[in-house]
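Here is how the chains run, residue by residue.
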Amino acid sequence: MRRQEIAAEFRAIQDSICRQLEALDGTARFGNDPWTRPEGGGGLSRPIADGALIEKGGVNFSEVFGPLSSAAAKSLKIEAHTFYATGVSVVLHARNPWVPTIHMNIRYFEAGDAVNAQQPSLLRENASSGEATNNQRWFGGGIDLTPAYVDQHAAALFHSRLKETCDRWDPRYYPEYKRSADDYFFLPHRNETRGIGGIFFDRLAPSAEHPFDDLFAFTRSIGHLFAGLYAEVAGPVRSKAFTQREKDWQLLRRGRYVEFNLVHDRGTRFGLETGGRTESILMSLPPEASWRYDHHPEDGSPEEQTLAWLRKGVDWSGL
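It should be emphasised that the depicted structure is a prediction, and the values quoted were computed from it without experimental measurement.

Moving on: the pairing of strand β9 (residues 197-204). Most of β9 is tucked away: six of the eight residues are buried. Alignment of strand β6 (residues 136-146) against β9, held across six bridges, turns out to be antiparallel. When the sheet's bridge partners are listed, glycine 142 is paired in β9 with phenylalanine 200.

Structure (C-alpha cells):
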C-alpha cells in the first residue's frame, strides 16, 4: 500500500530529525507522547524544551483518517465524506534571539468515498499501478524561517539551499513555491510577512509530467533537508551575545507568530476541525510571547531594519 509506505517514511524522517536535533542542541532530549484519535488513527508527538539551543519545540508525526466534517470539507473546498492524512510537522523556537524560529511540514492527504474510514488499508487500488480509484490525493509541505532579526547572509543561504533542492526536481518549483510562501505566511492585519518565507506547496497531485513517485521523492527530500539546514542557520549565531532589549524584541516577534498560527494557519484549523489532538496542534506556539500597544521601533534601529525586510517578493537567493 502506498499510504503505508508514505507513513513509514514519514516516521523515519521524524526519527532522523529528532536524532540530529538532539546532537545539535547538545543537552535537551525529545519526549515521546503517543496518542490515538477516537475517530481513527493517531500519532507520536515529540516535544523538546529547555535546551542549550532550543527553548521549545516539537517534531510531530500523525496518521489520521475517518469521517470528514462539513466544516473541514468546506475549508478544503472539496466534496468528500472521508479522508486520510499523514505528515510530519516541526517548529523550533530558539533560546537566543539571534537564532530564527523555523517551521517545516510535509504531508500526504486523500479524500473521497474511496477512503475506507474504518480500515484505510483496504482502500481500493489498481493492482498494477497502485493508484487509488475515485479519490483525490496530493502532497504538501514546505519550510519557512522567522527571524527576530533578519540577517541577509543567513537569509540568502537559507533560500539558496531550498532552491538547490527544488531545482533537482523542477526548476519551476522554487519560484512558484517561494511566491506561495510569501502569500501564505503573511499577516494581512499587520501588512507584513511572518518572516523571510521559504517554500510552501499544497495540493501537489500526480500528473503525467510529475508522477506519484516523483512527488513522493520531492516531498521526502524536503523532510531530509530540514535538520542540516537548521544547523547551518543556527550554528553561526547560537552563542552570539544578546541583551534584554533583543530578548524583548524576540518576544514581540513571537507574538506575531502566535497571531498567524491561531488566525491564519490552515493546518491548525484543519486539525481542530477534524478533532485533532489539541496539545499536538498547539505545540507550535512559543513558550513566551508579548504584545505592546502600538509599538514602533526606533528610527534606524536593527528592529526597524528587520521590519523593512518583512515584505513579499524579496529575491533572497539572489542577494
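Okay, back to it.
In this sheet, strand β2 (residues 41-49) lies alongside strand β1 (residues 33-36) in antiparallel orientation, the contact comprising four bridges. Of the residues in β2, the one forming a bridge with aspartate 33 is serine 45. What sits between the antiparallel neighbours β1 and β2 is a turn of four residues, in which glycine 40 has the positive phi angle 145 degrees. For β2 and strand β3 (residues 54-67), the ladder comprises nine bridges, and the chain directions are antiparallel. Bridge pairing links isoleucine 48 to glycine 57 in β3. Between the end of β2 and the start of β3, which pair antiparallel, lie four residues, with aspartate 50 showing a positive phi angle near 60 degrees.

In this section: unusual backbone geometry. The phi dihedral of arginine 203 is positive, around 55 degrees, even though this residue is not glycine. Since its relative accessible area comes to 37%, arginine 203 is described here as partly exposed. Despite not being glycine, aspartate 294 has its phi angle at roughly 50 degrees, a positive value. Mapped onto the elements, aspartate 294 comes out in the loop between α8 (278-281) and α9 (302-309).

Right, let's talk about the layout of surface pockets for a bit. A volume near 280 Å³ is recorded for the second largest pocket. If you trace the second largest pocket, you find 17 residues lining it, with Trp98, Asp151, Ala154, Val233 and Val237 closest to the centre. Per element, the largest residue contribution to the lining of the second largest pocket is four residues, and it comes from helix α3 (residues 152-167). Broken down by class, the residue content of the lining of the second largest pocket amounts to 13 nonpolar, one polar and three charged.

On to the environment of leucine 187, then. Position of leucine 187 among the secondary structure elements: in strand β7 (residues 186-187). For leucine 187 and alanine 234, which are 47 residues apart along the polypeptide, the C-alpha to C-alpha distance reads 25 Å. Contacts of leucine 187, omitting those with residues within four sequence positions, involve Glu192, Thr193, Arg194, Arg256, Glu259 and Phe260.

Evaluated as defined, the whole model comprises 19 aromatic pairs. Where tryptophan 309 meets tryptophan 316, the ring centres are 5.0 Å apart and the plane angle is 45 degrees; that geometry is what we call tilted. Judged by its relative accessible area of 1%, tryptophan 316 falls in the buried class. Over the face of the ring belonging to phenylalanine 216 we find arginine 220, whose NZ or CZ atom lies 4.5 Å from the ring centre.

Within the secondary structure layout, arginine 256 lies in helix α6 (residues 244-263). Among all residues touching arginine 256, those that are not within four sequence positions of it are Leu187, Arg190 and Glu192.

Moving on: the sheet that holds β6. Read from one edge of the open sheet, seven strands run β1-β2-β3-β4-β5-β6-β9, paired in antiparallel fashion. Lying at the two open borders of the sheet, with one neighbouring strand each, are β1 and β9. Taking the axes of each pair of neighbouring strands and ignoring which way they run, one obtains an average angle of 10 degrees across the sheet. Sheet topology places β3 next to strand β4 (residues 82-94); 13 bridges connect them, and they run antiparallel. Considered in β4, the bridge of glutamate 63 is made with threonine 86. Along the sheet, helix α5 (residues 212-234) contacts β3, β4, β5 (101-111), β6 and β9; its crossing angle with β6, the most-contacted strand, is approximately 15 degrees.

Cut-offs used in this document
Residues numbered from 1 in each chain as written. Predicted model: local features only at pLDDT ≥ 70, side-chain atom pairs only at ≥ 80, totals over all residues. Heavy atoms only, no water. Buried < 20%, exposed > 50% of the residue type's maximum accessible area, 1.4 Å probe, protein only. Helix = DSSP H or I, 4+ residues; strand = E, 2+ residues; numbered from the N terminus. Pairing = 2+ DSSP bridges. 1 Å grid on protein atoms, 1.4 Å probe; cavity = no way out; pocket = protein on both sides within 12 Å on 5 of 7 lines; lining within 4 Å. Points joined across faces, edges and corners; volume = space filled by probe spheres on them. Nonpolar A, V, L, I, M, F, W, Y, C, P; charged D, E, K, R; others polar. Contact = heavy atoms within 4.5 Å. Phe/Tyr/Trp six-rings, centres within 6.5 Å; stacked < 30°, edge-to-face > 60°. Lys NZ or Arg CZ within 6 Å of the ring centre and 35° of its normal. Axes fitted to C-alpha atoms, helices over the stretch in contact; angles between N-to-C directions.

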